[in-house]
Every structure is written in C-alpha cells, then in structure tokens.
Amino acid sequence: MTARSPAMLSTVAPPRPAGAFSNALTFGWRAVLKFRHLPEQLFDLIMTPLMFTLLFTFVFGGALAGSPGDYLQFFLPGILVQTVVFNSVYSGVGLSTDLTKGLFERFRSLPIWQLSPFAGLMVGDVLRHLIAGLIILGVGLALGYRPQAGVAGVVASFLLLFAIGFGTGWIFIVLGLVIRTPMTVMTVGFTFMFPLVFASNIMVQPETMPAWLEAFVVRNPVSHMTTALRGLMAGTASGSEVLLALAAPVVLTLLLAPVTLWLYRRN
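What you see is a predicted model; the values in this text were computed from it and never measured.

1. Digging into the nonpolar core
Working step 1: Ranked by size, the top nonpolar core spans 56 residues in total, and within it L76, F118 and I173 carry the most contacts.
Working step 2: Going through the elements one at a time, helix 4 (68-87), helix 5 (89-100), helix 6 (103-109), helix 7 (116-143), helix 8 (150-178), helix 9 (182-198), helix 11 (221-234) and helix 12 (239-266) are the ones with two or more residues in this core.
Working step 3: Ranked by residues supplied to this core, first place goes to helix 8 with 12 residues.
Working step 4: Dropping the residues within four chain positions of it, I173 is found in contact with S91, G92, L95, F118, L121, M122 and T260.
Working step 5: Counting residues in each nonpolar core, the second largest holds five residues, with L42, L45, I46 and A132 among its members.

2. Structural notes on the UniProt feature "transmembrane region" (unreviewed entry) in the chain
Working step 1: The positions UniProt marks with the feature "transmembrane region" (unreviewed entry) are residues 42-65, 71-97, 118-145, 151-178, 185-204 and 242-264.
Working step 2: Note that residues 42-65 is 100% helix and 0% strand, and that its end C-alpha atoms are spaced 31 Å apart.

3. Digging into the confidence of the model for the chain
Close reading of the predicted structure is inappropriate where its pLDDT is low.
Working step 1: In this model, the chain carries an average pLDDT of 85, and 90% of its residues clear a pLDDT of 70 or more.
Working step 2: Highest mean pLDDT in the chain belongs to helix 11 (95); lowest belongs to helix 1 (residues 6-10) (54).

4. Comments concerning the packing of aromatic side chains
Working step 1: As enumerated under the stated definition, the model contains 13 aromatic pairs in all.
Working step 2: For the ring pair F56 and F60, a centre distance of 5.1 Å and an interplane angle of 50° mean the geometry is tilted. With a gap of four residues between them, F56 and F60 both fall in helix 3 (residues 41-65), about one helical turn apart.
Working step 3: You can call F56 buried: its relative accessible area is 17%.
Working step 4: With relative accessibility at 39%, the residue F60 sits in the partly exposed group.
Working step 5: Here a set of aromatic residues connected by ring pairs shows up, and it is made of F52, F56, F60, Y71, F74, F75, F86, F190, F194 and F198.
Working step 6: In this arrangement the basic side chain of R230 is found over the ring face of F74, its NZ or CZ atom lying 3.7 Å from the centre.

5. Description of the packing of helix 5 against helix 7
If you want to describe how two helices pack, look at the angle between their axes and the distance between the axes.
Working step 1: Between helix 5 and helix 7, whose axes approach to 9 Å, the crossing angle comes to 140°. Of the possible angle classes, the one that applies to helix 5 and helix 7 is oblique. With respect to the hand of their crossing, helix 5 and helix 7 are arranged in right-handed fashion. On helix 7, the residues touching Y90, S91, G94 and L95 of helix 5 are F118, L121, D125 and R128.
Working step 2: Looking at the contact of helix 5 with helix 7, its residues break down into four nonpolar, two polar and two charged.

How each quantity is defined
Residues numbered from 1 in each chain as written. Predicted model: local features only at pLDDT ≥ 70, side-chain atom pairs only at ≥ 80, totals over all residues. Heavy atoms only, no water. Core = buried A, V, L, I, M, F, W, Y, C linked by side-chain atoms within 4.5 Å. Buried < 20%, exposed > 50% of the residue type's maximum accessible area, 1.4 Å probe, protein only. Helix = DSSP H or I, 4+ residues; strand = E, 2+ residues; numbered from the N terminus. Contact = heavy atoms within 4.5 Å. UniProt positions renumbered as here; feature names shortened; annotations may be inferred. pLDDT = per-residue confidence, 0-100. Phe/Tyr/Trp six-rings, centres within 6.5 Å; stacked < 30°, edge-to-face > 60°. Lys NZ or Arg CZ within 6 Å of the ring centre and 35° of its normal. Axes fitted to C-alpha atoms, helices over the stretch in contact; angles between N-to-C directions. Parallel < 35°, antiparallel > 145°, perpendicular 65-115°, else oblique. Left-handed = near helix turned anticlockwise from the far one by under 90°. Nonpolar A, V, L, I, M, F, W, Y, C, P; charged D, E, K, R; others polar.

See the structure below:
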C-alpha cells in the first residue's frame, strides 16, 4: 500500500458533521436502549392503568353504566388518555435524572443539534405510550371492549394519543429543567395533572356533576381529548372534535419548545 505524504493528507476533506435528523435518531436509540437495559421501569408504567381499568370496570361499572361491559365501552378510551398524560411526566423525570448525573454538560460540549437530547426523550415517550396503550387495549379486548371503527379507528386513536403525549411532554421537560430533583419533578407534575385528569369526562359524564364543576369539565382540554378518542374508536368522531383535542398539544408545543431551548442554554 502506498503511503500518503503529509501534503496529500492535508487535502483530504474532513468528514461532514451529522445533521439534526441523525443527531435525533442517535438520542432516540439511546431511549430505546434504556428500555432494553432497565425493563423493570415498565412495571409502574403498566400496572397503574391496568389497576384503574380493572377496578373501575368491575367495582363502579354496574353503578355508573348499568353493567361492567357497557361502562368499559365508555371508559377504556378515557383510560388511554389518562395513561398518556400521566406517562408524560417521565420525560421530566428522565431529564432531571440526566441533569443530576452531569450528562447534559457533556451533551452541550458536543457539536450536535441542541434539541437532539430532547428528541430522545420524546422517542422514549412514544415507546411508553405505545407499550402501555397496546397492553391496556389488549386487556380491554379480552374483557369485551369492541372498537366499532375497527383497526383504522384504533390506528387513528393511537396517532392522536402520540400527539397528546408529545404536547403534554413539554410541560414536564420544562419542569425537569427548572426543578432539581427527579422525585420533585414527579410530585409537582402529578399535582398539576391530577385535577385536569380527574375533573374530566374520562370516568363519568359531565351531566352528572354539579353545575360549577360541569362548566369546567366541558372546557377541560383532557375532556376534548377523551371525546375525540371515543369518537375515533367508535367511528363517529367529527373534524371539530379532533381539532379541539389537538389544540392543547399544539399550543403547548409552540409555547414551551422555545422556553425549553432557552432554559437549556441558560443552565
């Protein structure tokens, strides 16, 4: 093999830096590896919504809808929304954990797209939503739930769930950048989300509530998400219902993505 002279080596072009998409894929793969090496994190992710589904269906279903089967048709789309909203808190917890370990100091020193570490968090969210959603849906089908819109309705519903998770995830990413400890991020996140989730139409119809609470519930973004998901599963969703469900995730993304970048640069 002919050796290259220093003059020849100086003319070799340096490798092109990786683009934003490639950076995002790398951090997305990092999120996948977390699931591979820490499968026990799926226990909390799955058990809570499963317990809600079974308890509410069999304990309260007869009183609320006349039979557990009828209540399951009403309740299961709502528990999918609840699961996605609650699971979004893990973005903030994961971010706060990485910050406490000093990983983001290393990320800042790399010649990468600045938002690519957050892309990895979002990929982790999508995996969590997909795994939990499929398990809850599988249990629901075993218990007698039937999506009237078939496979197309289920696919459309999961796409809406991913959009909801993407939008709400920004809330917890901001909390992860502001609050120093992962447990505090989780506590503050659940404190913020519990009133929105439980004061919604996930578990009962708003018409059964006091007038002052009903007025809040019918305007609650979580209620709009649940109504749209029920419609997609049943094949009765209107365009306006889907747009109302997407309004909050879109607004949250537009408002909080720039805030996330500003906080990331400032820290």
